[in-house]
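Tertiary structure, described
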Amino acid sequence: MTMLPDHWLVMPIMLPLLAAALLLFVERVRPAWQPFLSLAMTLVLAGLACRFVVMTHANFIGVYLLGNWAAPFGIVLVLDRLAALMLALTAVIALASLVASWRLARRGPHFHAFFQLQLAGLNGAFLTGDVFNLFVFFEVLLIASYALMLHNAGGRTLRAGLHYVVINLVSASLFLVSASLLYGVAGTLNFADLAVKLPALPAWDAGLARAAALLLLVVFAVKAALLPLGFWLPETYGSAPGPVAALFAIMTKVGIYAIFRVYFTVFGGGEGVLAGLGSPALFAVGMATIVFGAFGALATKRLIALVAYLVLISSGTLIVASTLGPVALGGALYYLVHTTLTVAALFLVAHAIAEQRGPRADRLGSGPPLPQPVLVGLLFLVTAAAAAGLPPLSGFIGKVLMLQGSGRAPLATWFWAAVLGSGLLATVALARAGGSVFWKTHGVAVGAPMPAGDRLGLAVLAVAGLLWIAGANSASQYTAATAQQLAQPQSYVDAVMRQVPVKLPARSPH
Amino acid sequence: MTEVFFASAIGVFTACGVWLMLRARTFDVALGLALFSYAVNLFIFAMGRLTFGAPAIVGQGGATATLADPLPQALVLTAIVIAFAMTALVLTLALKGRFVNRGDACDADDETRIEDSPR
């Protein structure tokens, strides 16, 4: 197998950062070139991510020592299966969102620069190997997301945006508290080093370590929009522009990723003070999120908010499944990719519907007919069926994998009820919404046909989704192996701790 | 004794910050966030243990008896920079919101709820 050169591991962060800086210049000199530069960079990232997936599939764990310091002392980037999977998913969503935002980007300044910064933050969060840089990359992706969300924003979006900013700033402060608490207790912030040191903590430090771990859970629960902390999501996602909402489909998954990373890789190994911590809490919180999301989807009066509630359901499902053993976790990872693609597509479709209905926008109930009822209707049908988990689409496969995997777990019955029940409620909500948008019409069509950018973005997501279905066998094997790697963090720890710095040539005496 | 003062300072900052953040006006929330981030910065600093007059870097003369932990100092620096930028962002948003929405109330009351109002 040919390996990429060592420095490629840092490229998913470096390239978008570089592109963002470059785009600010290009914006001044050749504004028309911006989308092409941005697109080229995103394509490069997609290619790189695919390469990473293939590399990690051969059980390769890439470790990059920034500044050439050995692991617990320097900053490391780590590429394992989960990171590679998330990078690839990010690249696909980014590609679709970028194509769909072709028109939106022209309505205000710096869109493409912020878009690339967002990608740098996302990729960094997936690659980083220590707690503090996870915080830093969270901030990078959040500050870019504030800008993207408020791109060309009016008063109401501004207010929802302020809520989003404030709640994330509070959670960032809590993140700092828990990260520094972990450092104060264990003397390290490196994931692998923490995984070694935490189980060996003396009893009098165990309480502090537990407090830090649970505080981290609170922070990630805000990001993943788990229940008591997820009320910001429907308003925020409901008021973001369509392509941006599609990109945000990956943002809750960053929270999910962080929970998986910290609870499996860092706290999961060993029988120490933190073993099994948080699992009952995660189960309860996840279940509550599923129930809230399902009833919210039924109750809402807006199509876009309905999609946002579906995001809540998927967050809850993923978290509950992750507490039910590695096989269910493998299914959950398959479902994670499916739900991200589907929700992104649904956001694009819902915004297309809102645009075509003119002043009635996406409010459910009688409105003007759509200029393209067949195209948009079919798109809505397919994406809604995928989101509700109907066969033969990937949602169904993902749910079957999760339910089968949860078989022996003591709480599996509740999980079955929640998954099947929320699927039913989501189907009802989507069917009712579709019915009122497409069939309860009066007057004449006022909207314009769907722009080419939206169609192309949806095509990207459709191709990715079809590949995920067609390749379900190998995809589910990959995610199952990913879950195994997460459940047994020893290989991750070994790879990080044994990485030796590059031998530099001796400096010649002057 | 210093420890008591230090811990009390963190507590007072946190309490004031939380109280201000719970008030439904953007200016108060911004102030609360700033106070809370001061508390957090002090806390990070304390996690490297409180030392007096101890160097953070081993100099030419070799290690002295006590050394301050340099890592929390670096973390605090990063946190301060980020908190500063974020405070600036919140203030900008609050100012813009004040002009667009005519007021700095930051709760979504009934007529401004996104779910029910036209886009």
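Residues numbered from 1 in each chain as written. Chains lettered and ligands numbered in written order. Predicted model: local features only at pLDDT ≥ 70, side-chain atom pairs only at ≥ 80, totals over all residues. Heavy atoms only, no water.

The subject of this paragraph is the overall build of chain B. Check the secondary structure of chain B and you find 3 helices and 0 strands. Reading chain B from its N end, one meets helices and strands in the order α-α-α. Among the 119 residues that make up chain B, the fraction classed as buried is 34%. Once local pairs closer than 6 in sequence are excluded, the contacts in chain B between residues at least 24 apart make up 56%. When the accessible surface of chain B is summed, it comes to about 7,300 Å², and 68% of that surface belongs to carbon and sulfur atoms. (Helix = DSSP H or I, 4+ residues; strand = E, 2+ residues; numbered from the N terminus. Buried < 20%, exposed > 50% of the residue type's maximum accessible area, 1.4 Å probe, protein only. Contact = heavy atoms within 4.5 Å. Areas by Shrake-Rupley, 256 points an atom, 1.4 Å probe, with all protein chains shown as cover.)

Across its full length, chain A holds 20 helices and 2 strands. Since a compact globule built from 510 residues should have a radius of gyration of about 24 Å, the 22 Å found for chain A is in line with a globular shape. Overall, chain A is about 80 × 65 × 45 Å in size when its C-alpha atoms are taken along their principal axes. Per-residue burial over chain A gives 62% buried out of 510 residues. Long-range contacts, defined as pairs at least 24 residues apart, comprise 80% of the intrachain contacts of chain A with a sequence gap of at least 6. Of the roughly 18,600 Å² of accessible surface on chain A, 71% is carried by carbon and sulfur atoms. If you average the places of the 27 positive and of the 13 negative side-chain charges in chain A, the two averages end up 11 Å apart. (Rg over C-alpha atoms; globule rule 2.2 N^0.38 Å. Lys, Arg positive; Asp, Glu negative; His and termini not counted. Charge placed at Lys NZ, Arg CZ, Asp CG, Glu CD.)

A pair of packed helices can be characterised by two numbers: the angle between their axes and the separation between those axes. Residue and element names in this part refer to chain A. Two elements in contact, helix α1 (residues 11–29) and helix α4 (residues 111–127), have axes whose closest approach is 8 Å; the angle formed by their N-to-C orientations is 165°. The angle between the axes of α1 and α4 places the two elements in the roughly antiparallel class. You can see that α1 and α4 cross each other, and the crossing is left-handed. Facing P12, I13, P16, L17, A19, A20, L23 and L24 of α1, the residues of α4 in contact are H112, A113, Q116, L117, L119, A120, N123, G124 and L127. (Axes fitted to C-alpha atoms, helices over the stretch in contact; angles between N-to-C directions. Parallel < 35°, antiparallel > 145°, perpendicular 65-115°, else oblique. Left-handed = near helix turned anticlockwise from the far one by under 90°.)

Let us now look at helix α16 (residues 394–405) of chain A. Residue and element names in this part refer to chain A. Taking 1.5 Å of rise per residue, the 12 residues of α16 would be expected to cover 16 Å, and the 16 Å separating its terminal C-alpha atoms lies within 8% of that figure. Within the span of α16, buried status applies to S394, G395, G398, K399, M402, L403 and G405. The arc that holds the buried residues of α16, viewed along the axis, is 165°, so those residues lie on one side. Lining the buried residues of α16 we find α13 (303–322), α14 (326–356), α15 (373–388), α17 (412–438) and α18 (452–470). (Expected span 1.5 Å × (residues − 1). Arc of directions from axis to C-beta.)

Turning to the packing of aromatic side chains, a few remarks are in order. Residues and elements named next belong to chain A. Under the criterion given, the structure shown has 21 aromatic pairs over all chains. With a centroid separation of 5.5 Å and an interplanar angle of 80°, the aromatic rings of F36 and W102 are classed as edge-to-face. You can see F36 sitting in helix α2 (residues 34–57) and its partner W102 sitting in the loop between α3 (81–100) and α4, a full 66 residues away along the chain. The class for F36 is exposed, based on a relative accessible area of 53%. Between F380 and F438 the ring centres are 5.7 Å apart and the planes differ by 50°, which places this aromatic pair in the tilted class. Here F380, found in helix α15, pairs with F438, found in helix α17; they are 58 residues apart in sequence, far enough to count as distant. Considered together, F380 and F438 belong to a single accessibility category, that of buried residues. Chaining the aromatic ring pairs together yields one cluster made of Y146, Y164, W232, Y237, F248 and F347. Residue placement shows R30 over the ring face of W33; its charged tip is 5.4 Å from the ring centre. (Phe/Tyr/Trp six-rings, centres within 6.5 Å; stacked < 30°, edge-to-face > 60°. Lys NZ or Arg CZ within 6 Å of the ring centre and 35° of its normal.)

Once that is clear, we can look at the confidence of the model for chain B. Residues and elements named next belong to chain B. A residue-level look at chain B finds 79% of positions with pLDDT of 70 or above and a mean pLDDT of 80. Of the regions scoring below 50 in pLDDT, residues 110–119 engages in 31 contacts with residues more than four places distant in sequence or in other chains. With pTM at 0.90, the complex prediction returns an ipTM value of 0.87. (pLDDT = per-residue confidence, 0-100.)

All right, on to the side chain of T339 of chain A then. All names here are of chain A. Note that T339 resides in helix α14. Assessed through its relative accessible area of 5%, T339 is described here as buried. Here the side chain of T339 touches S314 through a polar contact of 3.4 Å, side chain to side chain. When near neighbours in sequence (up to four residues on either side) are disregarded, T339 contacts K253, S314 and L318. (Polar contact = N/O pair within 3.5 Å; in protein donor to acceptor, adjacent residues only side chain to side chain.)

Turning to α13 of chain A, a few remarks are in order. Relative to the 28 Å expected for 20 residues at 1.5 Å per residue, α13 of chain A spans 29 Å between its end C-alpha atoms, a close match to the ideal helical length. Summarising burial for α13 of chain A: 20 of the 20 residues are buried, a large majority.

It is worth spelling out the nonpolar core at this point. All names here are of chain A. Within the largest apolar cluster, 208 residues are counted, with the highest numbers of intra-cluster contacts made by F175 and F220. Top element by residues in this core is α14. It accounts for 20 residues. Contacts of F220, omitting those with residues within four sequence positions, involve L134, F138, F175, G255, A258, I259 and V262. (Core = buried A, V, L, I, M, F, W, Y, C linked by side-chain atoms within 4.5 Å.)

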